[in-house]
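This is what each chain is made of:
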Amino acid sequence: MRDILGQIEKWWDAGETFGLATVVRTFHSAPREPGAALAVSAGGEVIGSVSGGCVEGAVYELAQQVCQSGEPVLQRYGVSDDTALSVGLTCGGIIDIFVEPVSKERYPQLGEVAAAIKAGQPVAVATVIDGPGLAGARRVISGSAPEGTPAAQDGTLAAGDRLDAAVDSDARGMLAQGLTAVRHYGEHGERRLDELSVFVQSFAPPPRMLVFGAIDFAAAVARAGKFLGYQVTVCDARPVFATRARFPDADEVVVQWPHRYLASTPVDERTVICVLTHDPKFDVPVLEVALRTPAGYIGAMGSRRTHEDRLARLREAGLAEEELARLRSPIGLDLGARTPEETAVSVAAEPIQIRWGGSGRPLTDTAGRIHGS
């Protein structure tokens, strides 16, 4: 929903009722992940996508029907027949899509959800998608409360508070990890039962990409990182190179010694660190800090000779072999890249490969499912 938020907020502000279709579950080789959304306005305008085109027409019609009936629907779409003319997914996957009517009356919390997302504050939306008489009930859980105090909630999923409490607990844990998925409960929040299906959609702040080294390759990497949805920071100790004019696509440009900046800035499991300086006085100190953070990806630019020299220096600095094993160097996938832009594609592709477990080989040379189950 993040991708279409600006437009649906305009419809919501104008008092319109529109249909919102959200992918809530996928099986096998599905084209979109849970959370992908499509919306249809009262006038028939459509934005977003739930399948990359396979079932968009059917979902469009269902969204219009839901707006007229006022009743949400959980619809499953599977593989189409051999002629590929029936409604289905030609990729062979299965997706569950929850289609609901949205308006200020039905979704009064949309404004606060939109405000939190724009401000980069974590927020989760829990919606009952299947259950006796409860489909469409919604609860918003904010993750921005101070540590040690309960997070704010708005809305309820049932008459009692036990279900709300169980969902709140799970949603806060999912929000901390940036997870979006369906959870199952009993009518009163029992986790061992599955009478109710609740879709928890996490809107965590964008993951960070920290680019060290204000070189021409860094500008291209920053541009690619921004395209992929990262909050991008470029850092270099040299003020003549680390300027906003040279890195217009970065969210921030920091003039500071890289290792000092990294030691003082938040890093989590979703953070991508790219060290492009290939100068020992810069990259060894910053890698010494980086390899002791929980960052999900740490890559460093340089030749294989530079890499071996760098490893020797890091060992002298006291890093253990298991820490050094986390370093991706030379950085990027082997694409034969030459230009900064081509190199940026190579660099940006490697965190994707690590995140999803891809082989990095041409798909023509592989067999089986393209996407994991």
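The structure under discussion appears in the preceding block.
By convention here, each chain's residues receive numbers from 1 onward along its written sequence. Thresholds applied to this predicted model are a pLDDT of at least 70 for local features of residues and 80 or more for the giving and counting of side-chain atom pairs; totals over whole chains, interfaces and linings are not thresholded and use all residues. As a rule here, side-chain values come from all non-hydrogen atoms in the structure, and water together with hydrogens is ignored.

**Things to note about the pattern of salt bridges**
Pairs may arise between side chains of opposite charge once their charged atoms sit close together. Test applied: We define a salt bridge as a side-chain nitrogen of Lys or Arg found within 4 Å of a carboxyl oxygen belonging to Asp or Glu. Runs of E in the DSSP output that reach at least two residues are strands. Runs of H or I that reach at least four are helices, and both are numbered from the N terminus. Exposed residues in this analysis have more than 50% of their type's maximum accessible area, buried residues have under 20%, and partly exposed residues fall in between, with area computed by a 1.4 Å probe over protein chains only.
The full count for this structure, using the stated rule, is 19 salt bridges. Note that Arg191 and Asp170 form a salt bridge whose closest N and O atoms lie 3.1 Å from each other. Of the two residues, Arg191 sits in the loop between β9 (181-185) and β10 (196-203) while Asp170 sits in helix α4 (residues 162-177), which places them 21 residues apart along the sequence. On the basis of relative accessible area, Asp170 is assigned to the buried category, the value being 18%. Between Asp279 and Lys281 there is a salt bridge, with the nearest N and O atoms lying 2.7 Å from each other.

**Section: the pairing of strand β2 (residues 37-40)**
To keep things clear, this is the line we draw: For two strands to count as paired, DSSP must find a minimum of two bridges between them.
Every second residue of β2 is oriented toward a common face, with Ala37 and Ala39 on one face and Leu38 and Val40 on the other, all of them buried. For strand β1 (residues 18-27) and β2, the ladder comprises four bridges, and the chain directions are antiparallel. Its bridge partner being in β2, Thr22 is matched across the sheet by Ala37. Sheet analysis places β2 next to strand β3 (residues 46-48), joined by three bridges and oriented antiparallel. Bridge assignment links Leu38 to a residue of β3, and that residue is Gly48.

**A few points about the sheet that holds strand β13 (residues 252-255)**
Strand order in the open sheet formed by six strands is β13-β12-β11-β14-β15-β16, and the pairing between neighbours is parallel. In this open sheet, the two edge strands, each paired with only one partner strand, are β13 and β16 (327-328). Two elements, strand β15 (residues 297-300) and β16, share two bridges in a ladder whose sense is parallel. Bridge assignment links Ile298 to a residue of β16, and that residue is Leu327.

**Brief notes about the sheet that holds β3**
Each strand in a sheet pairs with its neighbour through backbone hydrogen bonds, running either in the same direction (parallel) or in the opposite one (antiparallel). Put simply, the test is: Axis definition: a line fit to C-alpha positions, over the contact stretch in the case of helices; interaxial angles, taken between N-to-C directions, run 0 to 180 degrees. In this analysis, two residues are considered to be in contact whenever any of their non-hydrogen atoms come within 4.5 Å of each other.
Strand order in the open sheet formed by five strands is β3-β2-β1-β5-β4, and the pairing between neighbours is antiparallel. In this open sheet, the two strands that pair with only one neighbour each are β3 and β4 (73-77). On average, each strand axis in the sheet is tilted by 20 degrees relative to the strand beside it, whichever way the strands run. Its contacts with the sheet put helix α2 (residues 56-69) on β1, β2, β3, β4 and β5 (94-102), and the angle it makes with β5 is roughly 30 degrees.

**As for the packing of helix α7 (residues 280-290) against helix α8 (residues 304-316)**
Condition: Throughout, the term roughly parallel applies to angles under 35 degrees, roughly antiparallel to angles over 145, roughly perpendicular to angles from 65 to 115, and oblique to all others. Crossing chirality is assigned from the near helix's rotation relative to the far helix, an anticlockwise turn below a right angle marking it left-handed and a clockwise turn marking it right-handed. Only Asp, Glu, Lys and Arg are considered charged in this grouping, and only Ala, Val, Leu, Ile, Met, Phe, Trp, Tyr, Cys and Pro are considered nonpolar; every other residue, Gly among them, is considered polar.
Two elements in contact, α7 and α8, have axes separated by 10 Å at closest approach and are oriented at 55 degrees. Between α7 and α8, the interaxial angle falls into the category oblique. The handedness of the crossing between α7 and α8 is right-handed. In this structure, α7 contributes Pro280, Asp283, Val284, Leu287 and Glu288 to the contact, and α8 contributes Asp309, Arg310, Arg313 and Leu314. Its residues assigned to classes, the contact of α7 with α8 comprises four nonpolar, no polar and five charged.

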